[in-house]
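A look at the structure
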Amino acid sequence: MKMIKAASAAIAAAALLAPASPASAGPYWNKTVKCKETDPDGLVIPTRRGNGDLGWNHFSGKHNIRKCAVVNAALRGNVDKKNGPRREYWGYAIANGGRQVKIVVVVQYARRSADGEYDAGRGQKIGVVTAYCKGVRKCPDWVNV
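So, here is what we can say about the structure in this document. Here the structure is a predicted model, which means the values were calculated and not measured. (Residues numbered from 1 in each chain as written. Predicted model: local features only at pLDDT ≥ 70, side-chain atom pairs only at ≥ 80, totals over all residues. Heavy atoms only, no water.)

With respect to burial, strand S2 (residues 44-50) is a largely interior element, five of its seven residues being buried. The sheet contact formed by strand S1 (residues 30-38) and S2 spans six bridges and is antiparallel. Its bridge partner being in S2, Thr38 is matched across the sheet by Val44. What sits between the antiparallel neighbours S1 and S2 is a turn of five residues, in which Gly42 has the positive phi angle 85 degrees. (Buried < 20%, exposed > 50% of the residue type's maximum accessible area, 1.4 Å probe, protein only. Helix = DSSP H or I, 4+ residues; strand = E, 2+ residues; numbered from the N terminus. Pairing = 2+ DSSP bridges.)

Counting buried positions along helix H3 (residues 68-75) yields six of eight residues, so the element is predominantly enclosed. Inspection of H3 places Cys68, Val70, Val71, Asn72, Ala74 and Leu75 among the buried residues, and these make up the whole buried set. Packed against the buried residues of H3 are S1, S2, helix H2 (56-62), strand S4 (86-94), strand S5 (100-108) and strand S6 (127-133). (Contact = heavy atoms within 4.5 Å.)

On to the side chain of Asn72, then. Checked against the element boundaries, Asn72 lands in helix H3. Excluding anything up to four places from it in sequence, Asn72 contacts Cys35, Lys36 and Glu37.

Moving on: the environment of Leu43. Mapped onto the fold, Leu43 is located in the loop between S1 and S2. As a C-alpha pair, Leu43 and Leu75 span 32 residues in sequence and 9.7 Å in three-dimensional space.

Our focus in this paragraph is the packing of aromatic side chains. Each aromatic ring pair is characterised by the separation of its centres together with the angle its planes make. Applying the stated criterion across every chain yields a total of two aromatic pairs. Judged by centre distance (5.6 Å) and plane angle (75 degrees), the rings of Trp29 and Tyr118 are edge-to-face. Note that Trp29 is positioned in the loop between helix H1 (2-17) and S1 and Tyr118 in the loop between S5 and S6, a separation of 89 residues in sequence. Judged by centre distance (5.3 Å) and plane angle (70 degrees), the rings of Trp56 and Phe59 are edge-to-face. Here Trp56 and its partner Phe59 are both found in helix H2, three residues apart, which amounts to about one turn of the helix. Taken as a pair, Trp56 and Phe59 share a single burial class, namely buried. Sitting over the ring of Trp56, Lys34 keeps its end group 4.9 Å from the ring centre. (Phe/Tyr/Trp six-rings, centres within 6.5 Å; stacked < 30°, edge-to-face > 60°. Lys NZ or Arg CZ within 6 Å of the ring centre and 35° of its normal.)

In this structure, Pro140 sits in the segment after S6. Separated by 75 residues in the primary sequence, Pro140 and Ile65 place their C-alpha atoms 8.7 Å from one another. Apart from the residues within four sequence positions on either side, Pro140 is in contact with Asn64 and Cys133.

What follows is about the state of the cysteines. Counted according to the given criterion, the structure contains two disulfides. Here Cys35 pairs with Cys68 through a disulfide, and the sulfurs are 2.4 Å apart. Measuring the twist about the S-S bond at about -90 degrees, one finds the Cys35-Cys68 disulfide to be left-handed. Here Cys68 lies in helix H3 and Cys35 lies in strand S1, a separation of 33 residues in the sequence. (Disulfide = S-S within 2.5 Å.)

Here it is, written out as structure tokens:
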């Protein structure tokens, strides 16, 4: 009986010293809101800093959208495509000389990302997952002027 108690005490002590990490911890992402916009339905949609997979840090590098105004202009319009909490807002950037490019902003209007990897926290929304120019690998630099 004494050996079981001694072993139990040692296990309990080791458990107290072990670093605490939640079992469902997802990848790191910066939840800080860089910009936000309200759509015509009254939904406040944040654009979070995120990481390489979603949010500002994802699309500003990979897709070359570097101004909140580009994302917010699309979000001020009606939802163009909706599938549950996933929404797409479409807009157009038009340059002097008539050049134009379609901007697609993808939003997850839910606490968790579609794959369940990311959690915005109680009462919060993931917000803008990505934004890109349709039909090109990267948005042209003039979009950000």
